[in-house]
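So the chains spell out like this:
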Amino acid sequence: MAFKKFDAVVAWIEDIVSAFCLAAIVIIAAGSVFGRYVLHTGFLWADEVNQTLLVAMGMFGSARAVRSNGHAEFTSFINNQKSRTMRIVMRAVINILTIAILGFMCVIAIQFTLGGTMKSTVLRVPRMYFYMSIPIGFGLCIYEYLKVLKKKILTDTKSENE
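To start, this report covers the structure provided alongside it. (Residues numbered from 1 in each chain as written. Predicted model: local features only at pLDDT ≥ 70, side-chain atom pairs only at ≥ 80, totals over all residues. Heavy atoms only, no water.)

The next point concerns the nonpolar core. Membership of the largest hydrophobic core comes to 22 residues, with the highest contact counts inside it found for Leu102, Ile134 and Phe138. Sort the elements by how many residues they give to this core and helix α6 (residues 133-154) lands first, with 9 residues. Contact partners of leucine 102, with chain neighbours within four places excluded, come to Phe138, Cys141, Ile142 and Tyr145. Counting residues in hydrophobic clusters, the runner-up holds 7 residues, among them Ala24, Ile25, Ile28 and Leu53. (Core = buried A, V, L, I, M, F, W, Y, C linked by side-chain atoms within 4.5 Å. Buried < 20%, exposed > 50% of the residue type's maximum accessible area, 1.4 Å probe, protein only. Helix = DSSP H or I, 4+ residues; strand = E, 2+ residues; numbered from the N terminus. Contact = heavy atoms within 4.5 Å.)

Printed below as a string of structure tokens:
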């Protein structure tokens, strides 16, 4: 029960952050274009903020895509294998390799974020705050993959399609 509640909160956070970032990007970009071409002045901070929001939207949206099984998979290649055991082994290797790469990227992203002490050009904010969504997004992707790992490995889509 506690896990389902925690999982619902994680899903809500992924959805809200992705939607908020997309809405904010659209609003800031539209305001910036209006300011530049109609008022002949622009928002100096718009580019920095939109870059940060775009990265956050990509990272949280990627975790959301894992949750909803929206990422591409090697199903046609795996389903060509005649043996069910071979298909399970291949899915296990691919999914474990994916989690390992995500873990490696999460560690690198944490190091990168902690090293971002230089301040941004316009807002004068330490860049580490801009980069924080990267390791969080990788961590959320790992969480989402681990949550469905057993099901993704053992579910034989070839027998379902026949």
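Looking now at helix α2 (residues 46-67). Given a rise of 1.5 Å per residue, 22 residues ought to cover 32 Å, and the 31 Å separating the end C-alpha atoms of α2 matches this to within 8%. Those residues of α2 that are buried lie in contact with α1 (2-37), α5 (128-131) and α6. Positioned one or two residues after α2, asparagine 69 has a phi angle of 60 degrees, which is positive. (Expected span 1.5 Å × (residues − 1).)

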